[in-house]
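Notes for the structure review
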Amino acid sequence: AQSVTQLGSHVSVSEGALVLLRCNYSSSVPPYLFWYVQYPNQGLQLLLKYTSAATLVKGINGFEAEFKKSETSFHLTKPSAHMSDAAEYFCAVSDPGNTPLVFGKGTRLSVIA
Amino acid sequence: GAVVSQHPSRVICKSGTSVKIECRSLDFQATTMFWYRQFPKQSLMLMATSNEGSKATYEQGVEKDKFLINHASLTLSTLTVTSAHPEDSSFYICSAQTSGVYNEQFFGPGTRLTVL
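Residues numbered from 1 in each chain as written. Chains lettered and ligands numbered in written order. Predicted model: local features only at pLDDT ≥ 70, side-chain atom pairs only at ≥ 80, totals over all residues. Heavy atoms only, no water.

Before going further, it helps to examine the confidence of the model for chain A. For chain A, per-residue confidence averages 92 on the pLDDT scale, and 98% of positions sit at 70 or higher. Per-element confidence in chain A is highest for strand S3 (residues 19-21) of chain A, whose mean pLDDT is 98, and lowest for strand S11 (residues 102-103) of chain A, whose mean pLDDT is 90. (pLDDT = per-residue confidence, 0-100. Helix = DSSP H or I, 4+ residues; strand = E, 2+ residues; numbered from the N terminus.)

Moving on: the pairing of strand S5 (residues 44-51) of chain B. Residue and element names in this part refer to chain B. Across the 8 residues that make up S5, a large majority, 6, are buried. Sheet topology places strand S4 (residues 32-38) next to S5; 7 bridges connect them, and they run antiparallel. In the sheet register, Arg37 faces S5, and the bridge partner there is Met45. From the end of S4 to the start of S5, which pair antiparallel, there are 5 residues, and Lys41 there has a positive phi angle of about 60 degrees. As paired elements, S5 and strand S6 (residues 57-58) share 2 bridges and run antiparallel to each other. Looking at the pairing, Thr49 lines up with Thr57 of S6. Taken together, S5 and the strand that follows it, S6, pair antiparallel across an intervening segment of 5 residues, in which Gly53 is found at a positive phi of about 80 degrees. (Buried < 20%, exposed > 50% of the residue type's maximum accessible area, 1.4 Å probe, protein only. Pairing = 2+ DSSP bridges.)

Moving on, we come to the layout of surface pockets. Approximately 580 Å³ is the volume found for the largest pocket. Taken together, 25 residues make up the lining of the largest pocket; nearest its centre are Glu88(A), Arg108(A), Pro40(B), Lys41(B) and Gln42(B). Of all the secondary-structure elements, those providing two or more residues to the lining of the largest pocket are strand S10 (87-94) and strand S12 (107-112) of chain A. Residues belonging to the lining of the largest pocket are distributed by class as follows: 9 nonpolar, 11 polar and 5 charged. Size it by volume and the second largest pocket reaches roughly 260 Å³. In terms of lining residues, the second largest pocket is bounded by 16 residues, among which Leu44(A), Gln45(A), Leu46(A), Ala2(B) and Phe107(B) are the most central. Every element with two or more residues in the lining of the second largest pocket is listed here: strand S5 (32-38) and strand S6 (44-50) of chain A together with strand S10 (105-107) of chain B. A class-by-class count of the residues in the lining of the second largest pocket yields 11 nonpolar, 4 polar and 1 charged. (1 Å grid on protein atoms, 1.4 Å probe; cavity = no way out; pocket = protein on both sides within 12 Å on 5 of 7 lines; lining within 4 Å. Points joined across faces, edges and corners; volume = space filled by probe spheres on them. Nonpolar A, V, L, I, M, F, W, Y, C, P; charged D, E, K, R; others polar.)

All names here are of chain B. The 4 strands lie next to each other as S1-S3-S8-S7, forming an open sheet whose pairing is antiparallel. At either margin of the open sheet sits one strand with a lone partner, and together these are strand S1 (4-7) and strand S7 (67-73). Averaged over neighbouring strand pairs, the angle between their axes works out to 15 degrees when direction is ignored. Strand direction decides the pairing type here: strand S3 (residues 19-25) and strand S8 (residues 76-81), joined by 6 bridges, are antiparallel. Considered in S8, the bridge of Arg24 is made with Leu76. (Axes fitted to C-alpha atoms, helices over the stretch in contact; angles between N-to-C directions.)

Within the element layout of this structure, Gln38(B) appears in strand S4. Only 2.9 Å separates the side chain of Gln38(B) from the backbone oxygen of Gln42(B), close enough to count as a polar contact. Every residue in contact with Gln38(B), bar those within four places of it in the chain, is listed here: Gln38(A), Phe90(A), Ser43(B), Leu44(B), Ser90(B), Phe91(B) and Ile93(B). (Polar contact = N/O pair within 3.5 Å; in protein donor to acceptor, adjacent residues only side chain to side chain. Contact = heavy atoms within 4.5 Å.)

Residues and elements named next belong to chain A. Applying the stated rule across the entire model yields 14 aromatic pairs over all chains. Centroid distance Tyr36 to Phe103: 5.9 Å. Interplanar angle 50 degrees. Geometry classified as tilted. Here the residue Tyr36 occupies a position in strand S5, and Phe103 occupies one in strand S11, the gap between them amounting to 67 residues. Residues Tyr36 and Phe103 agree in their burial class; the two are buried. (Phe/Tyr/Trp six-rings, centres within 6.5 Å; stacked < 30°, edge-to-face > 60°.)

This is the structure:
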């Protein structure tokens, strides 16, 4: 069975500082991995996805994530936080094929001016 | 990118009534749609997988008779919460999956259900 663990339910960074949101996965097959962002009372927006191509994935809004098979990790980073990055971030995993996503519990990112 | 809409965005109803939520893929055909439930400050919990023209597959613990799902066309799935009670109050989010290779799901904006 697949699972996702997001370390830290809440991360707080200063504006302009590095953002690092951690995600570790468990999967019996090579997974597809996703990061989504959710703003209050809204649906989810895809930030980036890993689908067995390049291990370093670049997404929208300056975010990127690196797939590390040896560490079973897919951490999300952004070099410089912006106030507008404050939101809830979800890591998700799925098997290749028509399978639903399994979400982590989410990490709330706060950006301090 | 692909757009998924949900209607209504917010609904308040009395206990015992039924509420229907629509999920539409606006610019693509979705053979598979998913329904999720999200409690405050928590993650998304998959309720059911809906395939066009067939019965929905419900996750363990989700009552089929309580949460009726219909996927009548490639662009529309509906979730009906029957005889709603206050504990059904939640944020319901649907997603539609493209038929391509990468499992990409596009999420609707969600529906906030409040049962009084």
